Amino acid sequence: MAKILQKYIKFSGKELEKYASNPDSCVRCLNTDMHLAMGPYGMASFKHALHELLIRTKVGIYDSGLDGIVLGIKNIKMLGHTAALRADDPTMHLVINADFYVFRPVIGAILDGVVRHISKHQVSAIIYRVFNTTIRFTNKKHSRESMAMEQEIKFRIKNFDISNAMPYIEGELQLEDGEEPQNKSIKFGSPEPEEKEEEIKKEDPDDMLDALLESLKEEPDEVQTSKKKSSSKRSKKASENAIEFLLF
């Protein structure tokens, strides 16, 4: 993260001042003293070597003393005219004073981000052109169909951990009407069919009894007709056999 910030993301003084002047940006300008250890290689161009040392060792890295990730350093001043040395170490120990612009996320803060990736259940947004934020869809009003690449969105910081090499920031999409997001799962696909109330027909018990009696009466008739048909077929077949016997 530090190399990416140092190589690709270079904040100007105006940008840093703009971020620090906004109380909701989670960027703070801290004027403080700091100890540095610099080798003797920088004596030829001390000012340039000191600036490069700060960029290489501080910018884009979480600093426990500043309690945040350093975005930039301005107004660097040396405290004192000499540096401390040890008898067996050529490293120079310096004390400086500078304005450190530090990113300190706060849970509940609302930030602006730019959408860079859209998946089924979440969207990734970039803040300050370098920090990635994971935002899950927790409300039915927002889904991936309503998102577009490079779209600017507002989100609320829900959880974060910036002490690791790759900072982790999790947020929830901020609703335009100011409502709190409802933790409801979103199903992507065809909408659920609407439930229709079925009308239940009520039948009279007397009618049901009459229908049952009629069906019982019809069954014996059907059995008798089937028996008559089978007996007539048998007698016909027997007569045919008798005629054939007489002929032969």
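Residues numbered from 1 in each chain as written. Predicted model: local features only at pLDDT ≥ 70, side-chain atom pairs only at ≥ 80, totals over all residues. Heavy atoms only, no water.

For the protein, an unreviewed UniProt entry supplies the name DNA-directed RNA polymerase I subunit RPA43 isoform X2 and the organism Drosophila kikkawai. Recorded in UniProt for the protein, the comment headed Subcellular location (unreviewed entry) runs: "Nucleus". (UniProt positions renumbered as here; feature names shortened; annotations may be inferred.)

1. Quick notes on the pattern of salt bridges
What the rule picks out here adds up to 6 salt bridges. Between Asp-63 and Lys-58 there is a salt bridge, with its nearest N and O atoms 3.3 Å apart. Residue class for Asp-63 comes out buried when judged on its relative accessible area of 14%. (Salt bridge = Lys/Arg side-chain N within 4 Å of Asp/Glu carboxyl O. Buried < 20%, exposed > 50% of the residue type's maximum accessible area, 1.4 Å probe, protein only.)

2. Some words on the sheet that holds strand β8 (residues 131-136)
Spatial ordering of the closed barrel is given by β6-β7-β8-β10-β9, a layout of 5 strands whose pairing is mixed. Looking at each pair of strands side by side, their axes are set apart by 50 degrees on average, direction ignored. Inspection of the sheet shows strand β7 (residues 122-127) paired to β8 by 6 bridges, in the antiparallel sense. Across the sheet, the residue bridging to Ile-127 is Phe-131, located in β8. (Pairing = 2+ DSSP bridges. Helix = DSSP H or I, 4+ residues; strand = E, 2+ residues; numbered from the N terminus. Axes fitted to C-alpha atoms, helices over the stretch in contact; angles between N-to-C directions.)

3. Quick word on the environment of Ala-84
Tracing the backbone through its elements, the reader meets Ala-84 in strand β4 (residues 84-86). A sequence separation of 10 residues divides Ala-84 from Leu-94, and the C-alpha atoms of the two residues are 7.0 Å apart. Those residues in contact with Ala-84, other than ones at most four positions away along the chain, are Thr-91, Met-92 and His-93. (Contact = heavy atoms within 4.5 Å.)

4. Quick word on the packing of aromatic side chains
Scanning the entire structure with this criterion turns up 4 aromatic pairs. Relative to Tyr-128, the ring of Phe-103 has its centre 5.7 Å away and its plane inclined at 70 degrees; by these criteria the two rings are edge-to-face. Separated by 25 residues along the polypeptide, Phe-103 in strand β5 (residues 89-103) and Tyr-128 in the loop between β7 and β8 bring together distant segments of the chain. Just as Phe-103 is buried, Tyr-128 falls in that class too. Ring geometry for Phe-103 and Phe-131: centres 4.8 Å apart, planes at 20 degrees, overall stacked. Of this pair, Phe-103 sits in strand β5 while Phe-131 sits in strand β8; the two residues are 28 residues apart in sequence, bridging distant segments of the chain. Considered together, Phe-103 and Phe-131 belong to a single accessibility category, that of buried residues. Following the ring pairs from residue to residue traces out a cluster consisting of Phe-11, Tyr-19, Phe-103, Tyr-128 and Phe-131. (Phe/Tyr/Trp six-rings, centres within 6.5 Å; stacked < 30°, edge-to-face > 60°.)

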